[in-house]
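One-letter residues, chain by chain:
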Amino acid sequence: MRRMMVATARAGDMVWLDVADAAALPAEEVLARLGSRRTGLTTAQVRDRLAVLGPNAVRSHQARWPAVLARQLRSPLLILLAVTAVAASFLGEPKDALIIGAILAASVGLGFVNEYRAEKTVEALHSQIEHRCVVWRDGRPSAVEVTELVPGDVVELRLGEIVPADLRLISVADLECEESALTGESLPVAKATEPVGGGTALAELTCGALMGTVVREGSGTGIVVATGGRAEFGKIALALGERHPETEFQTGLRRFSMLLVRVAAALTGTIFIINVILHRPVIDALLFSLAIAVGISPQLLPAVVSTSLAAGSRRLARHKVLVKRLVCIEDLGDVEVLFTDKTGTLTEGRISFMRALDAAGHVGEEPLELGLLCDEAIVDPGSTPGDQQVVGGNALDQALWTSPAAATLHQQLGRYRRLALVPFDHERRTASVLVERDDGHRLIISKGAPEAVLARCAEVPARAAAALEAEFAAGNRVVAVATREAPGATTLTPADERDLTFRGLLVFLDPPKAGARDALRRLAELGITVKVLTGDNPAVAAKVCADLGLPTARVLTGADVEAADDTRLAELIDKTTAFARISPEHKARIVRLQRRSGLDVAFLGDGVNDAVALHAADVGISVESATDVAKDAADVLLLEKDLAILADGVVQGRRIFANTMKYVLMGTSSNFGNMFSAAGASLLLGFLPMLPSQILLNNLLYDTSQLAIPTDNADPEQLARPSHWDVRLIRRFMLFFGPISSLFDFATFAIMLQIFHAGPPLFRTGWFVESLATQTLVIFAIRTRRIPFFRSHPSLPLLLAALGVVTAGTLLPSTPLAGALGFQPLPGLFFLTLVAMVIIYLVLIELGKRWFYRNAPAAARHREPPHAHRIHRIHRRASRFTVASAALPRKAKTAPAGPWPPTAAPRSAQAGGSQ
């Protein structure tokens, strides 16, 4: 038996309970022990408990500089080089050790500053993402951040929400929770309110709802018993740490890094053996070889990538696009096919009630009255008719209650009392209530998708069917209402939704969005094909698509999807733009089959029925107003549901990838060429061609210039289509352009030895200046496939950074630091030779670039589908239970005011449901 945790926030109140202990107690006793009531805590109690327990969080997303610094120091090469420098100081080379230490410190410092800035950007973005739930406090419902919950709070649960803390349920209405992330149980668990026995396993706590699990069906009310790291989910999330599964972008970086490791190992090993065979000092040979290894590795690649991603995320945030992790930006740029829902994306999303039609197809008031009685709204019971406090409910219910017609029906609605509710779900596509009139008459009211409701009716008038078709053809959204007499009934189940009498239609308007046509055209210009997945009627889907210019020669329905095997369905998907009346499983199957064709697929959705498809896509996209489970499954959140801002995100993703590849291609080819030259020089010369400190300084100056790459402009063709990691292309580029760089290095060797008769210091100075100039200035050729400067202009920061570094490197041998670094001034004739060599080098690179890309094979991609495994889900879900710091959460905010059903109250106070 678990030990019951007892502490006091104020006299007589227990701070929290283990959920298993709470599940063994009656609901009223749990309320009493936590000093709470069915109408919730007081504001003072919440404040006191927050002071004792802190926020409902398992992590902080605050940027921590020690962790960033530790990542910079984690490189085995840097550690080994630092150890060797220390050894050199004890072996009589303190000057070299000091210089190497200073250069390493500067390199680590550059990486630290840029990555820490990226971490701060992530922190700022994370703080903009809100996760709210409905909680009762001071006897009134309000929407608060989940991190502001405390034990004793009374929380409402609705379809698609993620349970915000460990709860002891006090009322349920067909509530089922999916708990696989915690228990491993794949099937949803039906919930009740009766206590369970002591020592019951976590998977069998039927009267408990566990933090981090998902409401799959029904609704309920529960009292918070444990929060944060004391909840069962919190314990697991804390134990797992913060490591996330790799994205495709990270996988590409890792494979690229392995390529560099193999190349560096081969070159450095060869160079070390050559120098030892030539009887050079072992410590010098070791330092030189390690410097070569550091030199061939793009040390600041993480900083360049982080800077690019951070800059892109800031630009996206200004365009109302938030990414959960910075690396998701690049994946967004890969998108080739976008599946999206219709409501709020292609339409305005501001649903308004238009009219009610009776069974004969005439305008009437009765269907509206019945529709208002059959709802799942939450309302502040203290508010007045006409000024209700809107706290929860679906968009259609809100449209009904905010319509002018509803304001005249409050008196009639007050005659009814709700006895039971069967909530809406996406299988039945219907919600039903059992109500009792003040004269004792009892009635079942069902409301939902017309096809679902009409199928449960005994008969449907011909005029009603004609009116329904006319509304669908006009592109309107329609809900059907039906009833059945239920004398003596006290409970309600889905089986009671039969032999109904059709009572009318509720018609809603959701017009096409004004900017949707332009956004679709822009996405098409970016090479993205848009397809619509909707649960709406096929005629409505076709009408909206046609209005916006999307081709809809055929609309595929859920029945069509069900009837086709995978091969046939894949063929149909390629020819279809709109899919209607499809289930969550159909959406996921369509997405998976589209991915199987080799295309990168994004899915944009905001409902509980979209979660499976969001997980199945390469990039899951949702909106800030989406259901919890949809936001949890998404990689990218839009603060506004607008395809135009999604197009901005795609452009930013592609710009970031293009700029990252500029650094990778240039760095690997230039560094490989320099190190290849060093290996050759070691064989030909009687001295080290460059001192270890000079190699590291060269690499530091070069990398410093490249930190401006994230600001660079991208050519239109780099943004027009997605690009992907291709390690084979990088390897070919390195092996093709690296030797070209080496040709000019060997030419420099010949000039220094034959013309200037250089000794070791002058030779090293000449090669230092030449290699820095060529590898830095080549960025202007490699950054574009066009003719540089004439048809493609670099950004001003990149231009200034590159020219500044070359100037600094050229002047360095003439400064007082030259002697300490092993340099000496160069003759004037060398600089004339250098200018000529740089011009010839860039021209040769330009010619080679044209040949290389003309003969480059097409990239072959193999992508593993994303797996929404248990650990992945826990990591993603834990992000909602984070705070920026240890400070107390912000003051709770109530939802905006608006009309709502006057009889609503905490579900536990209503009649009906499982008690």
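Quick caveat: nothing in here was measured; it's all calculated off a predicted structure. (Residues numbered from 1 in each chain as written. Predicted model: local features only at pLDDT ≥ 70, side-chain atom pairs only at ≥ 80, totals over all residues. Heavy atoms only, no water.)

A.B. asks: Any chance you could explain the pattern of salt bridges here in plain terms?
C.D. replies: Any two side chains of opposite charge can pair, given that their charged atoms come close. Applying the stated rule across the entire model yields 31 salt bridges. Residue E436 is joined to R442 by a salt bridge in which the shortest nitrogen-to-oxygen separation is 3.1 Å. Here the two residues E436 and R442 agree in accessibility, since each one is buried. For the salt bridge of D547 with K543, the shortest nitrogen-to-oxygen distance reads 2.9 Å. Residue D547 and its partner K543 are both found in helix α19 (residues 538–547); the two are separated by 4 residues, about one turn of the helix. The class for D547 is partly exposed, based on a relative accessible area of 33%. (Salt bridge = Lys/Arg side-chain N within 4 Å of Asp/Glu carboxyl O. Buried < 20%, exposed > 50% of the residue type's maximum accessible area, 1.4 Å probe, protein only. Helix = DSSP H or I, 4+ residues; strand = E, 2+ residues; numbered from the N terminus.)

A.B. asks: Got a minute to help me understand the environment of V263 in this structure?
C.D. replies: Position of V263 among the secondary structure elements: in helix α9 (residues 248–277). It is 10.0 Å that separates the C-alpha atoms of V263 and R731, two residues lying 468 residues apart in sequence.

A.B. asks: Would you take a moment to explain the packing of helix α26 (residues 692–706) against helix α29 (residues 760–777) for this structure?
C.D. replies: Pairs of packed helices are described in terms of their axes, by the angle between the two and the distance that separates them. Running from N to C, α26 and α29 cross one another at 20°; their axes reach a closest spacing of 10 Å. One element, α26, and the other, α29, form an angle in the roughly parallel class. Along this stretch, α26 crosses α29, giving a crossing that reads as right-handed. Residue-level inspection shows Q694, L697, N698, L701, Y702, S705 and Q706 of α26 in contact with α29, the latter providing R764, F768, S771, L772, Q775 and T776. Residue composition of the contact of α26 with α29, grouped by class: 5 nonpolar, 7 polar and 1 charged. (Axes fitted to C-alpha atoms, helices over the stretch in contact; angles between N-to-C directions. Parallel < 35°, antiparallel > 145°, perpendicular 65-115°, else oblique. Left-handed = near helix turned anticlockwise from the far one by under 90°. Contact = heavy atoms within 4.5 Å. Nonpolar A, V, L, I, M, F, W, Y, C, P; charged D, E, K, R; others polar.)

A.B. asks: I would appreciate a short explanation of the nonpolar core in the present structure.
C.D. replies: Buried together is how nonpolar side chains tend to be arranged in soluble globular proteins. I730, M752 and F768 are the most contacted members of the largest nonpolar core, which totals 77 residues. Not counting residues up to four positions away in its chain, the partners in contact with I730 are F256, L259, M661, V664, L665, T668 and W725. Residues L332, I528, V555 and A714 belong to the second largest nonpolar core, which totals 65 residues. (Core = buried A, V, L, I, M, F, W, Y, C linked by side-chain atoms within 4.5 Å.)

A.B. asks: What is the right way to read the packing of aromatic side chains from this model?
C.D. replies: The geometry of two aromatic rings is summed up by the distance between their centres and the angle between their planes. Using the criterion set out here, one finds 18 aromatic pairs in the structure. For the pair F746 and F749, a centre-to-centre distance of 5.5 Å together with 90° between the ring planes defines the contact as edge-to-face. Of this pair, F746 and F749 both sit in helix α28 (residues 727–755), 3 residues apart, which is roughly one turn of the helix. A relative accessible area of 28% places F746 in the partly exposed class. For F749, a relative accessible area of 6% translates into the label buried. Measuring from ring centre to ring centre gives 4.7 Å for F768 and F823, while their planes differ by 50°; the resulting arrangement is tilted. Separated by 55 residues along the polypeptide, F768 in helix α29 and F823 in the loop between α32 (818–821) and α33 (828–854) bring together distant segments of the chain. For the pair formed by F768 and F823, the shared burial category is buried. An aromatic cluster of three or more residues is present, and its members are F733, F736, F737, W851, F852 and Y853. (Phe/Tyr/Trp six-rings, centres within 6.5 Å; stacked < 30°, edge-to-face > 60°.)

A.B. asks: Would you take a moment to explain the environment of R498 for this structure?
C.D. replies: Of note, R498 is situated in the loop between β17 (477–485) and β18 (501–509). Residue R498 is classed as partly exposed on the basis of its relative accessible area, which comes to 41%. Each C-alpha atom, one on R498 and one on C457, is 6.6 Å from the other, the two residues being 41 residues apart in sequence. In this structure R498 touches R456 and R484, once residues within four positions along its chain are discounted. Looking at R498, its side chain comes within polar contact range of the main-chain oxygen of A495, at 3.4 Å. There is a polar contact of 3.4 Å between the side chain of R498 and the side chain of D499. (Polar contact = N/O pair within 3.5 Å; in protein donor to acceptor, adjacent residues only side chain to side chain.)

A.B. asks: Hey, could you run me through α26 in this one?
C.D. replies: The periodicity of an α-helix, 3.6 residues per turn, causes residues three or four positions apart to be oriented the same way. End to end, α26 covers 21 Å across 15 residues, agreeing with the expected 21 Å (1.5 Å per residue, within 8%). Taking burial as the measure, the 15 residues of α26 include 14 buried ones, the bulk of the element. (Expected span 1.5 Å × (residues − 1).)

A.B. asks: Hey, could you run me through the sheet that holds β18 in this one?
C.D. replies: Note: strands within a sheet are paired through backbone hydrogen bonds, in either parallel or antiparallel orientation. Strand order in the open sheet formed by 6 strands is β11-β18-β17-β16-β15-β14, and the pairing between neighbours is antiparallel. Two strands in the sheet have a free side with no partner beyond their single neighbour: β11 (352–358) and β14 (416–422). Strand-to-strand, the axes of this sheet are offset by a mean angle of 25°, without reference to chain direction. As paired elements, β14 and strand β15 (residues 430–437) share 6 bridges and run antiparallel to each other. Bridging across to β15, V422 finds its partner in S432. This element, helix α17 (residues 462–473), spans β11, β17 and β18 of the sheet and lies at about 15° to β18. (Pairing = 2+ DSSP bridges.)

The analysis is restricted to geometry; functional conclusions fall outside its scope.
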